[in-house]
Amino acid sequence: MALITDAARGMIGTSDPPMRVEVTRRDIIKYSVATEQQQEKFLRGDEAPPMFLFGALRPVVPIGALGPDGIPASSLTPDLPLKRFMAGGTKTHYFRPVRPGDVLVATRSLTDMYEKRGSQGDLIFLTYKVDVRTEVGERIAEEVQTRIAR
Amino acid sequence: MVNVYDCKVGMPLPERRHEPSNVSLFLYNAAIWNAHRIHYDETYTTGVEKHPGIVVDGPLQGDWLTQVVLNWVGDGGEIVEFEYSNRRASYLGETLVSGGKIEAVKLAEAEIEVSLFVKNERGEVTSPGRAVVRLRR
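Description of the structure in this document. (Residues numbered from 1 in each chain as written. Chains lettered and ligands numbered in written order. Predicted model: local features only at pLDDT ≥ 70, side-chain atom pairs only at ≥ 80, totals over all residues.)

Quick look at the overall build of chain B
Part 1 of the reasoning: Helix and strand counts for chain B stand at three helices and five strands.
Part 2 of the reasoning: Going from N to C terminus, chain B has its helices and strands arranged as β-α-α-α-β-β-β-β.
Part 3 of the reasoning: Reported as C-alpha extents along the three principal axes, the dimensions of chain B are approximately 55 × 30 × 20 Å.
Part 4 of the reasoning: Across the 137 residues in chain B, those meeting the buried criterion constitute 36%.
Part 5 of the reasoning: The long-range share in chain B, meaning contacts at least 24 apart out of those at least 6 apart in sequence, stands at 66%. (Helix = DSSP H or I, 4+ residues; strand = E, 2+ residues; numbered from the N terminus. Buried ≥ 20, exposed ≤ 12 C-beta atoms within 10 Å, placed from the backbone. Contact = placed C-beta atoms within 7 Å.)

Brief notes about the overall build of chain A
Part 1 of the reasoning: Secondary structure summary: chain A contains four helices and five strands in total.
Part 2 of the reasoning: Ordered by position from N to C terminus, the α and β elements of chain A give α-β-α-α-α-β-β-β-β.
Part 3 of the reasoning: For chain A, the spread of C-alpha atoms along the three principal axes comes to 50 × 30 × 30 Å.
Part 4 of the reasoning: A burial count over chain A gives 27% of its 150 residues as buried.
Part 5 of the reasoning: Counting only contacts in chain A whose residues sit at least 6 apart along the sequence, the fraction spanning at least 24 positions is 68%.

What to know about the environment of Asp16 of chain A
Residues and elements named next belong to chain A.
Part 1 of the reasoning: Take Asp16: it is sitting in the loop between helix 1 (6-9) and strand 1 (19-22).
Part 2 of the reasoning: In this structure the C-alpha to C-alpha distance between Asp16 and Arg58, which are 42 residues apart in sequence, comes to 12 Å.
Part 3 of the reasoning: In this structure, Asp16 is in contact with Ser75, Leu76 and Arg108, ignoring residues within four places of it in sequence.

Describing the interface of chain A and chain B
Part 1 of the reasoning: Counting residues at the interface gives 30 residues for chain A and 28 residues for chain B.
Part 2 of the reasoning: The element contributing the most residues to the side of chain A that touches chain B is strand 2 (residues 85-94) of chain A, with nine residues.
Part 3 of the reasoning: In terms of residue class, the side of chain A that touches chain B is built from 14 nonpolar, eleven polar and five charged. (Nonpolar A, V, L, I, M, F, W, Y, C, P; charged D, E, K, R; others polar.)

Examining the sheet that holds strand 3 (residues 96-106) of chain B
Part 1 of the reasoning: The strand order 1(A)-3(A)-4(A)-5(A)-2(A)-2(B)-5(B)-4(B)-3(B)-1(B) describes an open sheet built from ten strands, whose pairing is antiparallel. Both edges of this open sheet fall to strand 1 of chain A together with strand 1 (12-18) of chain B, since each of them pairs with a single strand only. The average undirected angle you get between the axes of adjacent strands in this sheet is 25 degrees.
Part 2 of the reasoning: When strand 2 (residues 77-85) of chain B meets strand 5 (residues 125-135) of chain B, the two strands line up antiparallel, connected through seven bridges. Looking at strand 5 of chain B, one finds that Glu78 of chain B is bridged to Arg134 of chain B.
Part 3 of the reasoning: Packed on one face of the sheet, helix 3 (residues 58-73) of chain B meets strand 2 of chain A together with strand 1, strand 2, strand 3, strand 4 (111-119) and strand 5 of chain B and runs near 35 degrees to strand 5 of chain B. (Pairing = 2+ DSSP bridges. Axes fitted to C-alpha atoms, helices over the stretch in contact; angles between N-to-C directions.)

Observations concerning the nonpolar core
Inside soluble globular proteins, nonpolar side chains tend to come together where they are buried.
Part 1 of the reasoning: By size, the foremost hydrophobic cluster in this structure holds 45 residues, and its most contacted members are Phe52 and Leu53 of chain A together with Val69, Ile79, Val114, Ala131 and Val133 of chain B.
Part 2 of the reasoning: The dominant element in this core, judged by the number of residues it contributes, is helix 3 of chain B, at seven residues.
Part 3 of the reasoning: Filtering out sequence-adjacent residues up to four positions away, Ile79 of chain B remains in contact with Pro50 and Tyr94 of chain A together with Thr66, Val69, Leu70, Ala131 and Val133 of chain B.
Part 4 of the reasoning: Grouped together as the second largest cluster of nonpolar side chains are six residues, Phe85, Ile124, Leu126 and Ala149 of chain A included. (Core = buried A, V, L, I, M, F, W, Y, C linked by C-beta atoms within 7 Å.)

Looking at the pairing of strand 3 (residues 103-118) of chain A
Each regular strand displays side chains that alternate between the two surfaces of the sheet.
All names here are of chain A.
Part 1 of the reasoning: In terms of strand pairing, strand 1 meets strand 3 through four bridges, oriented antiparallel. Residue pairing in the sheet places Met19 in a bridge with Ala106 of strand 3.
Part 2 of the reasoning: Pairing between strand 3 and strand 4 (residues 121-134): 14 bridges, direction antiparallel. Across the sheet, the residue bridging to Asp112 is Thr127, located in strand 4.
Part 3 of the reasoning: Linking two consecutive strands that pair antiparallel, namely strand 3 and strand 4, is a turn of two residues.

Let's talk about helix 3 of chain B
Part 1 of the reasoning: For helix 3 of chain B, with 16 residues, the first-to-last C-alpha span of 24 Å sits near the 22 Å given by 1.5 Å per residue.
Part 2 of the reasoning: With 14 of 16 residues buried, helix 3 of chain B lies mostly within the body of the structure. (Expected span 1.5 Å × (residues − 1).)

A few points about the packing of helix 2 (residues 25-34) of chain A against helix 1 (residues 22-31) of chain B
Part 1 of the reasoning: Packing of helix 2 of chain A against helix 1 of chain B leaves a shortest axis separation of 8 Å and a crossing angle of 150 degrees. With respect to helix 1 of chain B, the element helix 2 of chain A is oriented roughly antiparallel. Relative to helix 1 of chain B, the crossing made by helix 2 of chain A is left-handed. The residues of helix 1 of chain B that touch helix 2 of chain A, namely those facing Lys30, Tyr31, Val33 and Ala34 of chain A, are Leu27, Tyr28 and Ala31 of chain B. (Parallel < 35°, antiparallel > 145°, perpendicular 65-115°, else oblique. Left-handed = near helix turned anticlockwise from the far one by under 90°.)

Right, dumping it as C-alpha cells:
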C-alpha cells in the first residue's frame, strides 16, 4: 500500500500547544441533555459524564478555518492521500471526574500512524495521546484517541 | 447500590434502546462543537462521502456505553478505565441497543470489568467497548 509518506511519518512525536479549557456547569448540562444522561448529578451539572472530555477538548476555530467537510484543519493531521476522516475510538484512564469550575490543560501528541486494508478499501489509522490535568497539575485523564482516514 | 459480592461473571447489565433523531444529533454535535457535515447535511453525506444516510456519531455511541455502566452502578462507583471503537457506521433512522455483561470481578480491589456493546437492528455490533468500574465500599 505505502500510503504514508516519510514526510507524514515525520510528524509522529509532534504535539499541539497545550489547550486551556474552563469548564462551566452550563457546558456540562448541555452535554448531559444532548446525550440523554439519566443520572441527576450529570443533568444538574454537578459532575461531567466521562465522555464530556471528548467534546470539551475539541478545538474552536473561526468558520473560515473549517474544511469543506466541516472539520477544522489540525496541525497534527499530516497530508495523506485519504481525505475522509472519522472517529475510530478511545482508550481512557480516568483519575477523577470533571466538575464545574475546573480549569483543564490538555496536551495532545501524534503517537502513531499505520495502514490497514478494510472491507471497503484502504484505511490509515492515526493515534494520539491526550494528557488532561487541572491548571495546578492534578491528573484528570489520560487518553489514546484513534482517527481513521478512508 | 451494587455490591461487589453480588457481581458474577456473565451477569448482563441492563440494556437500553436508542433512537437518535435529527434533533438529538444536532444537539450532540452542537454540544461537542462538531461541524462535520456527515451528521446533518444529507446531500453532502450521500453525494460526497458516499454514506447511505446521516451518520450517528461514533463518540455518541461511546457515551452510551459509559451510560450502560453508570446507570447500573449509580452513585455506587465510578469508571476508572474505558475504551471503545467504532466498528461499523450507524445511520439516522436505525434503532440501536446498548448493553454489556460482567467479564471479571476483583473482590480485593472492588473492581468490576465489563464488556459493552452497541448493536443495530440486525444484531451487528457497531461499537464494542470495555470498562473497569471501581465500586465504593
